[in-house]
Every structure is written in structure tokens, then in C-alpha cells.
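Reading the structure
Below are the chains, spelled out letter by letter.
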Amino acid sequence: MESTMKLPLLGLAFGLVSQVALAANAAPALQDKQAFIDHLLSQMTEAEKIGQLRLISIGGPEMTREKIREEIAAGRIGGTFNSRTAAENRPMQDAAMRSRLKIPMFFAYDTLHGERTIFPISLGLAASWDLNAINQVGRTSAIEASADALDMTFAPMVDIARDPRWGRTSEGFGEDTYLTSKISETMVRAFQGKSPAERDSIMAIVKHFALYGAVEGGRDYNTVDMSLPKMYNDYLPPYRAGIDAGAGGVMVALNSINGVPATANTWLMNDLLRKDWGFKGVTISDHGAIKELIRHGVARDGREAAKLAIKAGIDMSMNDSLYGEELPGLLKSGEVSTAELDHAVREVLGAKYEMGLFKDPYVRIGKPENDPKDTYAESRLHREAARDVARRSLVLLENREQTLPLKKSAAMAVVGPLADAPIDMMGSWAADGQPKHSVTVREGLRRALEGKGKLLYAKGANVTGDKAVLDYLNFLNFDAPEIVDDPRPAAVLIDEAVKAAQQSDVVIAVVGESRGMSHESSSRTTLEIPATQRALIDALKATGKPLVLVLMNGRPLSIVKEREQADAILETWFSGTEGGNAIADVLFGDYNPSGKLPITFPRSVGQIPMYYNHLSIGRPYTPGQPGNYTSQYFEEPNGPLYPFGYGLSYSTFALSELTLSTTELQRGEPLEVRITVQNTGKLDGETVVQLYLQDVAGSMSRPVKELRRFEKLMLKAGESRTLTFTLGEDDLKFYNTQLHHVAEAGTFNVQVGLDSQDVQQQAFELR
Ligand code: BGC
């Protein structure tokens, strides 16, 4: 076993590769990145170069670990993903150190919302509107992942999602461009820390570039067709924000864009990303995406697919053998130039350099004697942070007659298929999170009540009664069935829950989606809670007991009927390892809920797409004034069930009139928007003040409003505070039909509120 520590130190600052591999002909100093990489590149054979572009999955059926080590030692693999411990990664790095040039490997993983400690899913994080909390998630994830020898995460995922049928809605930060952009930069900085080279940092790979959230019909992997202004104004900024915050890499989307797959899209990957945006990092294809160019119908065969991808600027190929198989022939024939190959290799080496791997290939692997005795030890978790962030992500949707908070002295029944479902607490893409570490809702309530109130439990219903859906969901998890189905008849399950309800003062029904329902490839045609669970809710309602719905889901659900049935509704997403404790904190008032929806909840699937910042239209629907020939659906009420930015608290907050520092803004000058917010309730609490802008008349139709600022603040009962938001010309800019980024003269409305609809408004003119 080799380690840097055992090597003779020839030069103080130089690591393994700089000493050993480059000693032959006066290697440049490691500090000089460009020269160092140029020199290394000049020593590489064509096969070694192609090897660097290969990123492969660990644990897949394609290759045994022994074979992987052989390939690494032969210089035929550049990086791997899906391994999770130092003990797994060390032998692979040792193999790289046996290779001719000793170019270090990197080890990546999908660490999206935690590595061992699982935080709420990304959509839940966005619901916190709390960048400090989100920073803590990114930092903690990086600390945990790097402690287990990971160098890179395929995150943040910043695809704007406006069609909740799409299962990956759960993985992103919602529908809004500004909120997602803020979170994107926060996450990138948090993952990468002071620098991606630090021992406790991991490199961020922003994904999926680009527009993956706009797949037609919300059906995963489908095509995307979008106008350029919409792309530039709404969908691209979050990727750009992550890149501007220093993300080391970009993962390429699986979809096509206006007919050209992202993986073969020269305009996207070269013109926009590299030339316009000045991106300097590594680009990584998604899983098998180069080969999929054949099925997209843009490549005749593997050879053409590899050629298209490398020419488009795809540096690394993920789990795809085509670069290895086809690049030698393409180089030989001159169809791909050495310069094109070198460009890709340079980016991979550059990323490794930035991750500090040339300085010390074992920087995150460490020494064997320091490996944790138990990878899954309780002491390795960050439970306090997980509980704190989870509480902030919960959104109180309804609270009639102050049903919540509950008294700990009450007798209560907790029912529902998700009440005691450890795996579902974690949500999808839960890295190496362990179900056994999850605090379920039932367990969280039990702990909170210890010795006080009475808690009864009944499952009440299966997640779904549809055998085909059940089989689909259980197929998703290779290791174990995701969903434990209770074989008893539905009526028996319901009866048990009703009996528990009848013996209680209040019923808490934990219902919604299992985590696999909001997952990659899990698109839905309905947004309803599955029928088995709806029947349970009906039966519980019939008992006449106060009914609290605790929703678990990774997308907006259409809950028109449930909204009427429930006395209180708490949206909890998939809230992570500490979710059950966090939910109990809110249900009992130990934490006053403060989350706000990062995505619109439609009434029904038929209203999709429904998002708050749509363009102005000629015949808008006016609430309260229905009529023919306006833009509406005639069978049901129009408008959302819950709007973007909405969420209640146990306190009430009041906003003063807003004032503007001027009603005539000169270019280059700041506009100050002032508003006072008061906690008019009896409890201390947090709320989110949201500022929206509307460009009333432009050279093209503009959104009815767009989020431009927000601030989450804590106010004691009775306390008030004046907030000042400063806007500048840049905040008024948009991409026009010529894609010029302009602030056009005219009237702008400033709207401030505690959600996107209930707002105060003032206007100003831009000269
Ligand atoms: C997903 C990516 C993910 C990759 C590696 C793909 O199926 O689309 O988001 O990073 O797998 O796990």
C-alpha cells in the first residue's frame, strides 16, 4: 500500500506526481497550473489521454472491482463514482499510483442533500428560503463526503421545474429563477468551501445543463422545445449562478434542446457555456448519454456519437465505453483532432488539479489507520443541523381554528403508510443515508410525548393499492423492497386506523407519496394522493375528530378535497434523517413554522403548467370576475390551490405600506424599497418578506411579476422591523427578442408581500 507519506520528499510543495512522474525532464512547479498540465499532457500517450475521459460507476454489473483496478493501473480510467468510503477508494488510488504517469483518480458521488446525515430533499431546502441553513447543508455534506474519501459531488441540481408531473421536481429548488439561482451559488460555495482543494471540500458539478426540468409533458428524458428569451430569462440563470460562484464542473442534460441533444449540442456546450460564459471547468456527460445519441436519432452509430460528443465539448463520458472504443479510430482518420482530444483531457486534469489531487492524491482518503471503525456510526452524523434545517423547510398550509400547535397532554393517533417509513423520510438521491438512522414521524411524536400524552399508531392504508405501481416502485431499489405492503384487506387497515382515531383527541395522518414516486424516471399523470390513502382520509374525517394531515411528497400535490377535509395541513416534503423530530417540533409548537412554497400547488393536473411568473396575456382571467372569452378553465375554479411563496405561521405578520426612495429612477442609481414588518401574533416567529418586480410594458410581453429579493427574518411577538431592499438597473434587465440584456425605460411595479399574491404595490419610472 502506497501513500504520499511514505515517499521521499524531493521538494516540499510537490506531491507524488510532480516528483515521480515529471522528474524526467525538469517538471514545472506544481504551483504553475498551466505549465504543470501542459507538461503532463506532453508526456501522455493517446491511450492515456482517452483513459482520462472515462468515468465509470463502481458496483455496477459491468466490471468487477478487481477489473476496475487493473484498468486504472493501465491508465484507462480517469475517475469513478458511487463508491463511498476510504477503504473502497484507497486501492483504486493505489492502482493509479502504479500507473505509468501516476495521474490520480477522483471519486465522485451524488451527494445532493447530505451524505450520511440526510437533510430535506432539495425542494424542501428551497422551502426554507434560508440561505444560511442551505449553506449549512452544503458544508455539512462536504464535510461528511470528504471524510469518506469523496472528491466531487454531482450537485447542485438547479433545473427549473414548472411541471410537477416530472419526478425530478423533488431534486431541484422549484419553479423560480431567482430563488434557485441564489441557492445554486450558495450550494456551490458551501460544497467547495475556501477552495475545492481543501481537505474538507468537494468539487461541485452543476447539473443538468441545460433545461432538463422543461421536458415535454413532465415525462422524464423527453424533449425540450423552448424560445430563446424564455431560456435566457428563466431557465439558464441558475446554472450560470453556480458557475459564477466557481463550480468546478457541469453535468450535461439527457434531453435535447430544440431538436439537438445537449450531449451533441455545440451551441450549448461551446458557444454559450465556454465562449459566452467563460466556463473553464470540466464537463461530464450524464449516464450513458453519448451512446443515447444514436437513439436520439442524431448519430448513425457509436463512432458518430463519440465524434459528436467530443466536438460538442463533452470532456468526460459517464459509464459509456464509446470514447474508448471510437476515439482511436476517429483520431487516426483525422475526424477528431489531437487538439480536440487535448482540450477535453486538459479540463479533466484541470479539475483534478483544482481538487488538490496532484498535490496529494490521498488528501481525502487519508491513512488506513484513520479509517472509521464503523462507517455508519451514530457519532458520524450531524443530527442537530439536520433537525434545525428540517424544521425550517416545513410549510404550514392550513391551520383552522388554531388546531396546531397540539398539546402534549392530548391523546393522539398517528396513522398512514408514511407515518413510520424510515426509507421515505430520506427522499430520493439520499447518498449513503441509512434508513435505520431516520427518525420517522411516529418516532418523533413518541419522543416528544414521552411520559405525557398518549400515542396510538395504525398504518391505515398501503401507499398504493395498484399492484403495477407497487411493482414499479419496488423495482427502483435494487437492494430491498422500497415499500412494505401490508397484505390485509384495505377495509381492515382503515378500520384499525378509525378505531385508533376514535380513542384519540386528534388524528395525525401522514400521507402522500413514497419517495420512489418523486424520483428520476418517476413521472406521474396525476398529482393526487393515491386512492388507498384518500379512502383512509375520508374514513378519518367521518370520525369527526380534528384531522391533521402531514404531507410527504416531492412535488406539489393537488389536494382540493383534502384541503376541505383537514383542520390543519403541514407540508413536510421528505424531511431527512431528523424529519420526525422536526415535524414533532412544529406540531407541538416547539418551533414556529416558517417555510414558504418554492413552487405553485395547482388544483389539478389539468392546470399544468402553472407558475406564478408567467407572461402577461391579452385576456387574463380576473379572480372574482369570471366570464367568457378570458383565459380560464371552465370546470373548476381558476388560479392555484396554494401560490408560490405561500406558507403560514403560528404568528401573524403585518406589512406597512411600502415606500420607494424615488418614483423616477435614473440609470446607474439605486432604488431603495422600504417596508416595515410586524409580528402581530403572540409567538416569536420567522417570516419571509418577498419583493417582486413587474416591467409593465416592454418590447416584448414580460412576466406579471418576478421575485427579485427576499429576506427571512425572526421577529419576537409584537416586534417590528423596517427592511430596506436596494435595487439597481441590473435588477430591471431581461433578455429581449434579440437576446440583448436590457433595462427598458418605462413603468415598473414593485410588489412586496409574504407570498407572491397578497402584496403591496408601488410604481416607479425608469428614465
Ligand atoms: C442522473 C444524474 C446522476 C447520475 C449519476 C443519472 O442517472 O441523471 O443526475 O448524477 O445518474 O448517478
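Residues numbered from 1 in each chain as written. Predicted model: local features only at pLDDT ≥ 70, side-chain atom pairs only at ≥ 80, totals over all residues. Heavy atoms only, no water.

Looking only at helices and strands, the protein chain features 23 helices and 27 strands. With the C-alpha coordinates of the protein chain rotated into their principal frame, the extents come out at 80 × 65 × 50 Å. Burial status across the protein chain gives 61% buried among its 767 residues. The contacts of the protein chain with a sequence gap of at least 6 include a subset with a gap of at least 24, amounting to 77%. (Helix = DSSP H or I, 4+ residues; strand = E, 2+ residues; numbered from the N terminus. Buried < 20%, exposed > 50% of the residue type's maximum accessible area, 1.4 Å probe, protein only. Contact = heavy atoms within 4.5 Å.)

What follows concerns the site of the ligand. Taken together, the residues surrounding the ligand are Phe81, Asp110, Phe154, Arg168, Lys207, His208, Met251, Asp286, His287, Met318, Trp429 and Glu520. At a separation of 2.9 Å, an oxygen atom of the ligand approaches a polar side-chain atom of lysine 207. Within the side chain of aspartate 286, a nitrogen or oxygen atom sits 2.6 Å from an oxygen atom of the ligand. Considering the ligand on its own, with 310 Å² of exposed area, one finds that the protein chains cover 92% of that surface. (Near = heavy atom within 4 Å. Polar contact = N/O pair within 3.5 Å; in protein donor to acceptor, adjacent residues only side chain to side chain. Areas by Shrake-Rupley, 256 points an atom, 1.4 Å probe, with all protein chains shown as cover.)

Read from one edge to the other, the open sheet built from 6 strands follows the order β11-β16-β15-β14-β12-β13, with strand pairing classed as mixed. The open sheet terminates on both sides in strands that have one partner only, identified here as β11 (395-399) and β13 (454-458). Adjacent strand axes in the sheet meet at a mean angle of 15 degrees, parallel and antiparallel pairs treated alike. Across the sheet, helix α18 (residues 441-449) lies against β12 (411-415), β13 and β14 (506-512), angled at about 165 degrees from β13, the strand it touches most. (Pairing = 2+ DSSP bridges. Axes fitted to C-alpha atoms, helices over the stretch in contact; angles between N-to-C directions.)

Moving on, we get to the sheet that holds strand β4 (residues 152-153). Here 8 strands make up an open sheet; going across it, the order is β9-β6-β5-β4-β3-β2-β1-β10 and the pairing parallel. Here the strands that pair on one side only, and so sit at the sheet edges, are β9 (282-284) and β10 (317-318). Two elements, strand β1 (residues 54-57) and strand β2 (residues 79-81), share 3 bridges in a ladder whose sense is parallel. Its bridge partner lying in β2, leucine 55 is registered against glycine 79.

So, on to the packing of helix α8 (residues 177-192) against helix α10 (residues 237-244). One can describe the packing of α8 onto α10 by two numbers: an axis separation of 8 Å at closest approach and a directional angle of 25 degrees. When the axis of α8 is compared with that of α10, the two are roughly parallel. Both α8 and α10 take part in a crossing whose hand is right-handed. Facing α8, whose interface residues are Thr177, Thr180, Ser181, Ser184, Glu185 and Val188, α10 presents Pro237, Pro238, Ala241 and Gly242. (Parallel < 35°, antiparallel > 145°, perpendicular 65-115°, else oblique. Left-handed = near helix turned anticlockwise from the far one by under 90°.)

As assigned here, the protein chain comprises domain 1 (393-598) and domain 2 (653-766). A straight line from the C-alpha centre of domain 1 to that of domain 2 covers 36 Å. At the junction of the two partners, domain 1 supplies 5 residues and domain 2 supplies 9 residues. Counting the surface domain 1 buries against domain 2, the share from its top three residues, Asn592, Ser594 and Lys596, is 83%. Taken together, the connections running from domain 1 to domain 2 amount to 0 salt bridges. In this structure, the connection of domain 1 to domain 2 is made through 4 residue pairs in polar contact (both at pLDDT 80 or more). Residue composition of the side of domain 1 that touches domain 2, by class: 2 nonpolar, 2 polar and 1 charged. (Domains from an automatic or database assignment. Buried area = accessible area lost by both parts, 1.4 Å probe. Salt bridge = Lys/Arg side-chain N within 4 Å of Asp/Glu carboxyl O. Nonpolar A, V, L, I, M, F, W, Y, C, P; charged D, E, K, R; others polar.)

Turning our eyes to something else, we now look at the pattern of salt bridges. Any two side chains of opposite charge can pair, on the condition that their charged atoms come close. Summed over the entire model, instances satisfying the criterion amount to 63 salt bridges. Residue aspartate 200 is joined to arginine 139 by a salt bridge in which the shortest nitrogen-to-oxygen separation is 3.6 Å. Of the two residues, aspartate 200 sits in the loop between α8 and β5 (203-209) while arginine 139 sits in helix α7 (residues 131-147), which places them 61 residues apart along the sequence. Assessed through its relative accessible area of 21%, arginine 139 is described here as partly exposed. The salt bridge involving arginine 708 is made with glutamate 706; its shortest N-O contact spans 3.6 Å. Comparing arginine 708 with glutamate 706, the two get one shared label, buried.

Core analysis: the largest hydrophobic core is formed by 133 residues, its most contacted members being Phe154, Phe209, Leu236 and Leu327. Broken down by element, the residue count for this core peaks at 7 residues, all from helix α15 (residues 338-354). Apart from the residues lying within four places of it in its own chain, the contact partners of leucine 327 are Ile50, Leu53, Ile310, Leu322, Val336 and Leu341. Counting residues in hydrophobic clusters, the runner-up holds 74 residues, among them Val395, Leu473, Val511 and Leu536. (Core = buried A, V, L, I, M, F, W, Y, C linked by side-chain atoms within 4.5 Å.)

Counted residue by residue, helix α9 (residues 228-235) has 6 buried out of 8 residues, so it is predominantly covered. Those residues of α9 not exposed but buried are Pro229, Met231, Tyr232, Asn233, Asp234 and Tyr235. Tucked into the core, α9 has its buried residues touching α8, α10, β7 (256-257), α11 (266-276) and β24 (734-735). The N-capping residue of α9, defined by a side-chain oxygen 3.2 Å from the backbone nitrogen of lysine 230, is serine 227.

Among all residues except glycine, the phi angle is most often negative; among peptide bonds, the trans geometry is most common. A cis geometry characterises the amide bond from alanine 155 onward to proline 156, with omega recorded as 5 degrees. Note on placement: proline 156 falls in the loop between β4 and α8. Positive phi is not limited to glycine here, since tyrosine 221 has a value of about 70 degrees. When you line up the elements, tyrosine 221 lands in the loop between β5 and α9. On the basis of relative accessible area, tyrosine 221 is assigned to the partly exposed category, the value being 38%. Of note in the backbone geometry, glutamate 401 takes a positive phi value of approximately 50 degrees without being a glycine. Positionally, glutamate 401 belongs in the loop between β11 and β12. Assessed through its relative accessible area of 77%, glutamate 401 is described here as exposed.

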